[in-house]
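Chain by chain, the residues:
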Amino acid sequence: ATSLLLLLVTVYGSDSLARQNATLEQYIMAESKKVNQRYRLQYHVAAPVGWINDPNGFSYYKEQYHLFYQYYPYEAKWGPMHWGHVVSKDLVTWEYRPTALVPGEEQCFSGSAVEVNGSMVLMYTAHVVKEGMPVNQSQYLAFSDDGVNFEKFAGNPVIPASPNNSPDFRDPKAWKHGDYWYVIIGSKTDDEIGTVLLYRSKNMIDWEFLTILAQATSDLGYMWECPDFFELGGKHILLMSPQGMVAQGDRFKNLYQTGYIVGQFDYETFTFTQETAFQELDYGHDFYAAQTIASPDGKRVLIGWFGMWETAFPEAKDGWAGAMTIARELVLDSNNHILMKPLTAQSSLRNRVSLQSNLKADQVLELEPASEVLIEADLTQSINLLLEGRSGGGKAWLKWDPSVGKVVVEREEGDVRQVEWSPGSNKAWRLFLDTSSLELFCGDGEAVFSSRVYPLGGWKLSNLGTQAVNTTAYALKRSVPSYNSAMGTNLKIFN
Ligand code: FRU
């Protein structure tokens, strides 16, 4: 009887969290096999099944990169938030890990990850809902010694409320400087003006509020989500995702924006002196809530949510919704403008012999669903390229008009995103196509567009312009294997 009792205690007591997780992982594995593959991305992190949004906890721990994401496994729409988890050695090839955080009393909203005395610490927003109404957002911690299994801190919350008790107080991004941990958190004033709040701590547990690091001027929105703050090119960058900005001409055309302000930061007085206006980071249709990491080789690397709130997500019919962009290296140019470039390692996905062609007017190039295309043309003449499915489905046009000096990405008929482009010495375009996405990098990353497009049966590229265009196309390798194979490395959780 004693041993039976012991067994029951082990199974239903201390081990119950692991068992719950095992059930969830088994559910994800089983359901992910049922997903219709027609729009499935091959080299972008996406939900194995269900919904994902923001990148979270982007970090480097025990010799690998970790990326978590806002995750609702049970339906392909937003729901009570979990943290999904992938790892990588090179930020290009990814493997799934078991779901890291599962909601309890709280939903696990966005946050970040740091290493403290050899442990991985997640800091995230606990979003509490009672009777269908959001009642509170506070900051929680969770710990791990292996970077796979996480335990929520018994002393949560570590920051119970914002100084003005705002109901919107979320998305902590923590970092270390000198003897202190710092964290910034997105919030708003009582009269609905977006803010970023700065705190510090000696131990990640006891936090002292320092100051409002930055606050929206009238046209910068009512709430700032997902702030990030880091050094780049001798300056400090405040990256954030404002809600409530109004479109101005070509700018700010998505429902919410992600962009940055360049300035100087003084750790003595905690003042951020702004040197620029807010600038968009990516000009495409689907880009939000980006987060960065300082990679071990000193680069600043960013991944964004390859999605936007309140858009269609056609893949939701197939059982999944949402993805991450490819990783991009950030560089600050002499005009206080951030350039975004694919990582050098991204080229390791190039698979077959490239297809080189001089694509003349009216000619068509057939491409694999996962392809990279280098495009070179005479920029004193216009460019007009059509991307569409070999068997129909979604379309997009890539255009350049030298008379106005703008690059255009038009999705379907008339859904236009465009921006001025002044190329430096690199005048080529680098286009990344996946089964249902495009990412266009112009020159050295002066203009970047990320948009989801849903062609069927692989891509074809037609030259609708008058000049011939040089194209070099590569088929790309799959770099995000299925959930099942990845889980083999984590059998521990099923014991
Ligand atoms: C941004 C966001 C965050 C929040 C999370 C919830 O897209 O709204 O502010 O933590 O998504 O899923």
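This write-up is about the structure you can find in this document. From a predicted model like this one, the values you see are computed outputs, not experimental measurements.

Observations regarding the nonpolar core
In this structure, Tyr 69, Leu 91 and Trp 94 are the most contacted members of the largest nonpolar core, which totals 32 residues. If you list the elements that add at least two residues to this core, you get helix 2 (16-32), strand 1 (50-61), strand 2 (64-72), strand 4 (94-101) and strand 19 (300-305). Of the residues forming this core, the biggest block, four residues, is contributed by strand 2. Look past the residues within four positions of Leu 91 in its chain and what remains in contact with it is Phe 58, Tyr 65, Val 301, Ala 327 and Leu 343.

Structural notes on unusual backbone geometry
Pro 157 follows Asn 156 through a cis peptide bond whose omega is 0 degrees. Although it is not a glycine, Glu 192 sits at a positive phi angle of roughly 60 degrees. Of note, Glu 192 is situated in the loop between strand 10 (180-188) and strand 11 (194-201). Of note in this structure, Ala 289 is not a glycine but carries a positive phi near 55 degrees. Of note, Ala 289 is situated in strand 18 (residues 288-294). Classification of Ala 289 by relative accessible area gives buried; the value is 1%.

What about the site of the ligand?
Around the ligand sit 13 residues in total, of which Asp 54, Gln 70, Arg 170, Asp 171 and Glu 225 are the nearest. Asp 54 places a side-chain nitrogen or oxygen 2.7 Å from an oxygen atom of the ligand. Protein contact buries 96% of the 310 Å² of open area that the ligand shows by itself. Contributions of two or more residues to the shell around the ligand are made by strand 1, strand 5 (107-116), strand 9 (169-177) and strand 13 (223-232). The residue inventory of the shell around the ligand, partitioned by class, reads six nonpolar, three polar and four charged.

Comments concerning the sheet that holds strand 7 (residues 133-144)
Spatially, four strands are ordered 5-6-7-8 in an open sheet, and the strand pairing comes out antiparallel. If you trace the sheet from one side to the other, it starts and ends with strand 5 and strand 8 (151-152), each paired once. In this structure, strand 7 lies alongside strand 8, joined through two bridges in antiparallel fashion. When the sheet's bridge partners are listed, Phe 143 is paired in strand 8 with Glu 151.

Here's the deal with the sheet that holds strand 29 (residues 415-420)
In spatial order, the strands read 24-33-26-27-28-29; together these six strands make up an open sheet with antiparallel pairing. In this open sheet, the two edge strands, each paired with only one partner strand, are strand 24 (364-367) and strand 29. Along the sheet, successive strands turn relative to each other by an average axial angle of 15 degrees, direction set aside. Inspection of the sheet shows strand 27 (residues 395-401) paired to strand 28 (residues 406-411) by six bridges, in the antiparallel sense. Note that in strand 28 the partner of Trp 397 across the bridge is Glu 410.

Focus on the pairing of strand 16 (residues 271-274)
Of the strand pairs in this sheet, strand 15 (residues 259-266) and strand 16 are connected by four bridges, and their pairing is antiparallel. Paired with Asp 266 across the strands is Thr 271, a residue of strand 16. The antiparallel pairing of strand 15 with strand 16 creates a hairpin that spans four residues between the two strands, and Phe 270 there sits at a positive phi of about 60 degrees.

Rules and cut-offs
Residues numbered from 1 in each chain as written. Predicted model: local features only at pLDDT ≥ 70, side-chain atom pairs only at ≥ 80, totals over all residues. Heavy atoms only, no water. Core = buried A, V, L, I, M, F, W, Y, C linked by side-chain atoms within 4.5 Å. Buried < 20%, exposed > 50% of the residue type's maximum accessible area, 1.4 Å probe, protein only. Helix = DSSP H or I, 4+ residues; strand = E, 2+ residues; numbered from the N terminus. Contact = heavy atoms within 4.5 Å. Near = heavy atom within 4 Å. Polar contact = N/O pair within 3.5 Å; in protein donor to acceptor, adjacent residues only side chain to side chain. Areas by Shrake-Rupley, 256 points an atom, 1.4 Å probe, with all protein chains shown as cover. Nonpolar A, V, L, I, M, F, W, Y, C, P; charged D, E, K, R; others polar. Pairing = 2+ DSSP bridges. Axes fitted to C-alpha atoms, helices over the stretch in contact; angles between N-to-C directions.

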